[in-house]
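# Observations on the three-dimensional arrangement
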Amino acid sequence: MKAALAEGGVEPGVCGPRVRTITACQGEAVCPSGCIDTYALAKELDDRYFARELPHKFKFGVTGCQNNCLKAEENDVGIKGAIKVKWVEDKCIGCGLCAKTCRKGAIKVENKKVIFDESQCNFCGRCYKSCPTDAWEDTHGYIVSFGGLFGNNINKGETIIPFIEDKQKLLDICDAAITFFAENAKPGERFKYTIDRIGRDVFAKKILEASV
Ligand code: SF4
Ligand code: SF4
Ligand code: SF4
């Protein structure tokens, strides 16, 4: 069976105290809602971390957008595709479609003029995708959560940096998270409990240092 799967480029996954098989949704290569190429990123994470020995299991999940089909925050490190938008007044015809599309109430259109409340925006990119005149500039990036659990105990992973634009920074942050776990976790301790025990502030400092 393994030999037959290997012919198609499929290798067995892993279990136990190490980085588990990286999981991802289909992402922008297939799904019109996708904000990032989840498959390419999952492959990169797989090449970088797959089966790395650690004090306990460690799961990465990559989901392509705010629809969150892969439930990113259930993972030790959850990565979600995102799009940061900027309104370009010169290109706007005031049709109001972006305001209707936004699920966060971040856009109002009054007298054919867009009023954008960035503080309400969750980087879903729906306004950018819906605009008929390309009047939203798009910057693709990532939202990362840490310390998720979904088993006997359930915990929603927490975000430290609202939006990460650069992929190398994302990888540096993943390196910092996994190093923190390797250096501080007790055997059999999930990431959330390591963060709780050592201190969220201490962990956040490491992540912020890795992001500059
Ligand atoms: S999370 Fe987004 S990109 Fe991924 S499958 Fe769901 S809708 Fe598509
Ligand atoms: S969808 Fe585009 S053109 Fe229409 S109001 Fe929004 S920004 Fe302007
Ligand atoms: S990116 Fe999403 S949440 Fe932000 S303004 Fe556009 S539609 Fe609304």
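Preceding block: the structure.
All figures in this text were calculated on a predicted structure; none of them were measured in a lab.

Attention shifts here to unusual backbone geometry. Of all residues except glycine, most have a negative phi; of all peptide bonds, most are trans. Non-glycine residue Phe123 carries a positive phi angle of around 65°. Positionally, Phe123 belongs in the loop between strand 5 (113–116) and helix 4 (126–130). Look at Phe123 and you get buried, because 21 C-beta atoms sit within 10 Å. Not every positive phi belongs to a glycine, and Asp134 is a case in point at roughly 55°.

Close to ligand 3 lie 13 residues, the nearest being Cys102, Ala106, Cys121, Cys124 and Cys127. Its residues assigned to classes, the shell around ligand 3 shows 8 nonpolar, 3 polar and 2 charged.

Glancing now at the pairing of strand 2 (residues 60–63). With burial as the criterion, each face of strand 2 is covered, one bearing Phe60 and Val62 and the other bearing Gly61 and Thr63. In the classification by handedness, the crossover that spans strand 1 (residues 23–24), the intervening helix 2 (residues 38–49) and the parallel strand 2 is left-handed. As judged from the 4 bridges shared by strand 2 and strand 3 (residues 77–87), these two strands associate in the parallel manner. Opposite Thr63, over in strand 3, you have Lys80 as the bridge partner.

Conventions we followed
Residues numbered from 1 in each chain as written. Chains lettered and ligands numbered in written order. Predicted model: local features only at pLDDT ≥ 70, side-chain atom pairs only at ≥ 80, totals over all residues. Helix = DSSP H or I, 4+ residues; strand = E, 2+ residues; numbered from the N terminus. Buried ≥ 20, exposed ≤ 12 C-beta atoms within 10 Å, placed from the backbone. Near = placed C-beta within 6 Å. Nonpolar A, V, L, I, M, F, W, Y, C, P; charged D, E, K, R; others polar. Right-handed = clockwise from strand over helix to strand, strands pointing away. Pairing = 2+ DSSP bridges.

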